[in-house]
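Breakdown of the fold
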Amino acid sequence: MTAAATTVRDIALEQPASIRVFEKFGIDYCCGGRKAIALACQERSLDLQTVLAAIESAAHGEGEPAQEWASASLEALCEHIVKTHHDYVRREIPRLWLLAQKVVARHGDTHPELVHIQQLIRGAGEDLIQHLGKEEQILFPSIVNMERNLTACGPRSLGCFGSVRNPIRVMMAEHDAAGDALAQIRRLSHDFVPPEGACPTYVGFYRALAEFEQDLHRHVHLENNILFPRAIEMDESCG
Ligand SMILES: [Fe+2]
Ligand SMILES: [Fe+2]
């Protein structure tokens, strides 16, 4: 059984099937994952033993495919992130903006929290689109070049492409900002639960936001917890 003091991030890394449990209980395992599972449960008013038991039983079910990324090439991981998560963000953000516009026009007067959610998703969406561009144009190519160079020349070879630590630090700060915006949206929307009798657009908007948060958590988990630490380790081996 997992210890109460183990961090959420470490559980997600060591037992990838736990990610589904964290999603189900609304526990942040990526940006906010550096805290003990006991504290994360306390903050969400969840019973620790119930969550630990769910993690235990998930571990005996199907494994998450994310497991393989701990040993795949960084180039393959970067490609996967772009094709799976970056493309999704680019597709979803305009759709979320449109849905937000519709629900605010129809229900913003009786549900003022929708106006706040609309502002948050607009700001976070604009920032995220820029963020994807920086990863695709600057950071990911640096990581891929570093890996290719190391594979070709061996450790301690010349020509590693400068430290990846600085761009990684910037990307992680941007992940925190996006995670904070989504956490605020989750609070304002009462965990993405629409009011009784809400119209289909309202329901669809909240469902789309919940899916967007889930994808963002998976995306940031792959970057913060797998890609970036492996890239830093490789950078250090360049000497
Ligand atoms: Fe990304
Ligand atoms: Fe990112």
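Conventions and cut-offs
- Residues numbered from 1 in each chain as written.
- Chains lettered and ligands numbered in written order.
- Predicted model: local features only at pLDDT ≥ 70, side-chain atom pairs only at ≥ 80, totals over all residues.
- Heavy atoms only, no water.
- Helix = DSSP H or I, 4+ residues; strand = E, 2+ residues; numbered from the N terminus.
- Rg over C-alpha atoms; globule rule 2.2 N^0.38 Å.
- Buried < 20%, exposed > 50% of the residue type's maximum accessible area, 1.4 Å probe, protein only.
- Contact = heavy atoms within 4.5 Å.
- Lys, Arg positive; Asp, Glu negative; His and termini not counted.
- Charge placed at Lys NZ, Arg CZ, Asp CG, Glu CD.
- Donors = N, O, S within 2.8 Å, 3.2 Å for Na, K, Ca; no water.
- Tetrahedral: all angles 85-135°; square planar, octahedral: opposite > 155°, others 65-115°.
- Domains from an automatic or database assignment.
- Buried area = accessible area lost by both parts, 1.4 Å probe.
- Salt bridge = Lys/Arg side-chain N within 4 Å of Asp/Glu carboxyl O.
- Nonpolar A, V, L, I, M, F, W, Y, C, P; charged D, E, K, R; others polar.
- Polar contact = N/O pair within 3.5 Å; in protein donor to acceptor, adjacent residues only side chain to side chain.
- Core = buried A, V, L, I, M, F, W, Y, C linked by side-chain atoms within 4.5 Å.
- pLDDT = per-residue confidence, 0-100.

1. So, the overall build of the protein
Of the regular secondary structure elements, the protein holds 8 helices and 0 strands. Reading the protein from its N end, one meets helices and strands in the order α-α-α-α-α-α-α-α. For the protein, whose C-alpha radius of gyration is 19 Å, the value lies close to the compact-globule estimate of 18 Å for 239 residues. A principal-axis box enclosing the C-alpha atoms of the protein has dimensions of 65 × 40 × 25 Å. Relative to its full complement of 239 residues, the protein shows a buried share of 46%. Excluding contacts between residues fewer than 6 apart, the proportion of contacts in the protein whose partners are at least 24 apart in sequence is 78%. In the protein, which carries 23 positive and 33 negative side-chain charges, the distance between the mean positions of the two groups comes to 2 Å.

2. Digging into the coordination of the iron ion (ligand 1)
Within the protein, His 86 (NE2), Glu 135 (OE), His 219 (NE2) and Glu 223 (OE) serve as the donor atoms for the iron ion (ligand 1), at 1.9 to 2.2 Å. Coordination at the iron ion (ligand 1) is irregular, judged from the 4 donor atoms that bind it and the angles of 87 to 166° they form at the metal. Between consecutive donor residues of the iron ion (ligand 1), the sequence gaps follow H-x48-E-x83-H-x3-E.

3. Some words on the domain arrangement of the protein
What the domain assignment lists for the protein is domain 1 (8-63) and domain 2 (67-237). On the side of domain 2, 15 residues touch domain 1, which itself brings 14 residues to the contact. With both sides pooled, the region where domain 1 packs onto domain 2 buries about 1,200 Å², and carbon together with sulfur makes up 53% of that total. Contact with domain 2 buries area across many residues of domain 1, yet Glu 23, Cys 30 and Cys 31 alone supply 38% of it, more than any other trio. Counting across the interface, domain 1 meets domain 2 through 2 salt bridges. Two residues, Arg 218 and Glu 23, come together in a salt bridge whose shortest N-O distance is 2.7 Å. Every element with two or more residues in the side of domain 1 that touches domain 2 is listed here: α1 (8-14) and α2 (18-25). By residue class, the composition of the side of domain 1 that touches domain 2 is 7 nonpolar, 1 polar and 6 charged.

4. So, the side chain of His 86
Mapped onto the secondary structure, His 86 falls in helix α5 (residues 74-107). With relative accessibility at 0%, the residue His 86 sits in the buried group. In this structure the side chain of His 86 is engaged in a polar contact, spanning 3.0 Å, whose partner is the side chain of Glu 135.

5. Considering the nonpolar core
Soluble globular proteins tend to bury their nonpolar side chains together. Of all hydrophobic cores here, the largest spans 29 residues; its most connected members are Phe 205, Tyr 206, Leu 209 and Phe 212. Elements that contribute at least two residues to this core include exactly α5, α6 (113-153), α7 (165-188) and α8 (200-237). Setting aside residues up to four positions removed in sequence, Tyr 206 forms contacts with Glu 113, Leu 114, Ile 117, Ser 189, Phe 192, Val 193 and Pro 194. Core analysis: the next-biggest nonpolar cluster, separate from the first, contains 23 residues, Ile 81, Leu 227, Met 234 and Cys 238 among them.

6. A look at the confidence of the model for the protein
Note: predicted coordinates in regions of low pLDDT should not be interpreted at a detailed level. Averaged over all residues, the pLDDT of the protein equals 89, while 93% of them reach at least 70. Segment residues 156-160: pLDDT under 50, and 10 contacts once partners within four positions in sequence are set aside and those in other chains are kept.

7. Regarding the coordination of the iron ion (ligand 2)
Here the iron ion (ligand 2) is held by His 131 (NE2), Glu 135 (OE), His 175 (NE2) and Glu 223 (OE), and the distances to it run 2.0 to 2.2 Å. Considering all 4 donor atoms around the iron ion (ligand 2), angles at the metal cover 86 to 172° and the coordination shape is irregular. In primary-sequence terms, the residues that donate to the iron ion (ligand 2) follow H-x3-E-x39-H-x47-E. The iron ion (ligand 1) is placed at 3.1 Å from the iron ion (ligand 2), the two being bridged by Glu 135. Highlighted residues: His 131 in helix α6 and His 175 in helix α7, separated in sequence by 44 residues. For His 131, a relative accessible area of 2% translates into the label buried.

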